[in-house]
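Single-letter residue listing:
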2 protein chains.
Amino acid sequence: MKAAIIVAGGTGTRMNSPNPKQFILLKGIPVVMHSLFAFSRFDESMQLLLTLPEHLFDRWQEIQKEHGWSIPHILVPGGETRFHSVRNCLHHLDSTGLVAIHDGARPLLSQSLINRLFLAAEKEGNAIPVVPVNESIRQAEGATNKPADRSLFRIVQTPQVFQTSLIQQAYLQPYQPGFTDDATVLESIGKPIHLVEGDPANLKITYPADLLIAASLIHSGS
Amino acid sequence: MKAAIIVAGGTGTRMNSPNPKQFILLKGIPVVMHSLFAFSRFDESMQLLLTLPEHLFDRWQEIQKEHGWSIPHILVPGGETRFHSVRNCLHHLDSTGLVAIHDGARPLLSQSLINRLFLAAEKEGNAIPVVPVNESIRQAEGATNKPADRSLFRIVQTPQVFQTSLIQQAYLQPYQPGFTDDATVLESIGKPIHLVEGDPANLKITYPADLLIAASLIHSGS
């Protein structure tokens, strides 16, 4: 049994767009829809959950009607933080199999990445995609700053794939501000995190320019 | 007196291209030429230096002839590492004024970024462009790994602008492997580093997909 949770609760204030970031069109398709398509294409029988702020539910239903889309999925109200949104979604899953938890702001996830992560999570219990840091980094230290060794760091992407029972257990904890992704929630109950090679093209849409970048990558078939 | 050093000594093995990375065409113009144009446009009287591996000198002269370009610049043989290449260039400058040191793999530097950095360096002695880390990061720790607080880190870009006399003094030191950029060389003689807001669109060309990204950003006028 496989499931995927697509988290799209953000308000996207950095996008300067009146249209919620989740629904901005990328190659004519709302950003968040790209992820639904990707998981559905990977495995048609996969259980799909989408978490959105509740005030966007009506708009989302309209968008799907307008375009005639019918990828079955469970719509789950977003919570106060990303943590609460994911927890709401996990309540809907039974405890067998694997679940991918994915940020809706990453519409370019490839089939090979999804496959690699599910295979690794099956074996290791979890699979977290990471890519190297290709630029120099510096670390703030009080009022000053110092260089950091970039070879020691990895940029963390999504989807992050977990044994459903383990991540459900981890999400029974109270919220902590250090929970920046699902891997940090899992490891706080003592589980080691298993890193897997991510995909540099699996871009996170943060700034308006990122949409142009994403469009050019889709166009090239990368 | 202003000068700019464009460092293009890399071999670019990640680009999978028989054409040296420096000369790959971006919107019909070799990557490295974009930086020469940017500095020349910013200040026509600026002294420009380009460091390339010596075996590419003839090819570079041919490329310029083919396209009829005549931006005056001093061509400096690249050294064993980036450090040695920059040091070779610094020998050509007198000690007054400011110098920008820029990676040729960042062809998208904007006029406003160059301006911001020269203004800050005039006041502070150096100016290093940085951007926030927009994704979660993890740090390797022996065989395991742990989350890192991304808000403490900044991604370092170029151009990095310095009082010429100070950076020349710093480059009198012997090479150390920790010298990943010019800021690390300067601070190793005890100078504090002054961070300035960089530009998320000031992309570093590392992978083939980055060229597509860069082309789409130029097209949009970002």
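A brief structural summary. Please read these numbers as outputs of a predicted model, since none were measured by experiment.

**A short note on the interface of chain A and chain B**
Logical step 1: Contact residues are listed per partner, giving 36 residues for chain A and 36 residues for chain B.
Logical step 2: The set of elements that each furnish at least two residues to the side of chain A that touches chain B consists of strand E8 (137–141), strand E9 (144–148), strand E10 (153–156) and helix H7 (208–220) of chain A.
Logical step 3: A per-element tally of the side of chain A that touches chain B places H7 of chain A first, with seven residues.
Logical step 4: By residue class, the composition of the side of chain A that touches chain B is 20 nonpolar, eleven polar and five charged.
Logical step 5: As defined by bridge partners, E10 of chain A adjoins strand E8 (residues 137–141) of chain B across three bridges and the pair is classed as antiparallel.

**Re the relation of the copies chain A and chain B**
Logical step 1: Superposition of chain A onto chain B requires a rotation of 180 degrees combined with a translation of 0.0 Å along the rotation axis, giving an RMSD of 0.0 Å. Considering both components of the superposition, the chain copies are consistent with a two-fold axis. Across chain A, the smallest distance between a C-alpha and the rotation axis is recorded for Ile213 of chain A, namely 2.5 Å.
Logical step 2: Most of the interface of chain A is mirrored in chain B, where 100% of its interface residues again form contacts.

**Quick notes on the nonpolar core**
Logical step 1: Formed by 122 residues in total, the largest nonpolar core has its most connected members in Ile5 of chain A together with Ile5 of chain B.
Logical step 2: If sequence neighbours within four positions are ignored, Ile5 of chain A has contacts with Leu49, Thr51, Val86, Cys89, Val99, Ile101 and His102 of chain A.

**Concerning the environment of Val185 of chain A**
Logical step 1: Inspection of the secondary structure puts Val185 of chain A in helix H6 (residues 182–187).
Logical step 2: Along the sequence, Val185 of chain A and Tyr171 of chain A sit 14 residues apart, while their C-alpha atoms lie 6.8 Å from each other.

**Concerning unusual backbone geometry**
Residues and elements named next belong to chain A.
Logical step 1: With an omega of 5 degrees, the peptide bond between Thr158 and Pro159 qualifies as cis.
Logical step 2: Note on placement: Pro159 falls in the loop between E10 and strand E11 (160–163).
Logical step 3: Phi is positive for Lys27, close to 55 degrees, though the residue is something other than glycine.
Logical step 4: Here Lys27 lies in the loop between strand E2 (25–26) and strand E3 (29–30).
Logical step 5: Judged by the 11 C-beta atoms lying within 10 Å of it, Lys27 falls in the exposed class.

Definitions and cut-offs
Along each chain, the written sequence defines residue order, and numbers are assigned to residues from 1. Chains and ligands are labelled sequentially in the order written, the chains with letters from A and the ligands with numbers from 1. Thresholds applied to this predicted model are a pLDDT of at least 70 for local features of residues and 80 or more for the giving and counting of side-chain atom pairs; totals over whole chains, interfaces and linings are not thresholded and use all residues. The contact criterion used here is simple: two residues whose C-beta atoms, placed from the backbone, lie within 7 Å are in contact. Per the convention used, a helix needs a DSSP run of H or I reaching at least four residues, while a strand needs a run of E reaching at least two, with both numbered from the N terminus. When residues are sorted by character, Ala, Val, Leu, Ile, Met, Phe, Trp, Tyr, Cys and Pro go into the nonpolar class, Asp, Glu, Lys and Arg into the charged class, and all the rest, Gly among them, into the polar class. What makes two strands pair is DSSP finding at least two bridges between them. The fit set for superposing copies consists of C-alpha atoms from residues with pLDDT of at least 70 in both; the fit itself is least squares. By definition, a nonpolar core groups buried Ala, Val, Leu, Ile, Met, Phe, Trp, Tyr and Cys residues that connect through C-beta atoms lying within 7 Å of each other. The exposure scheme places C-beta atoms from the backbone and then counts, for each residue, the other C-beta atoms within 10 Å of its own, assigning buried at 20 or more, exposed at 12 or fewer, and partly exposed in between.

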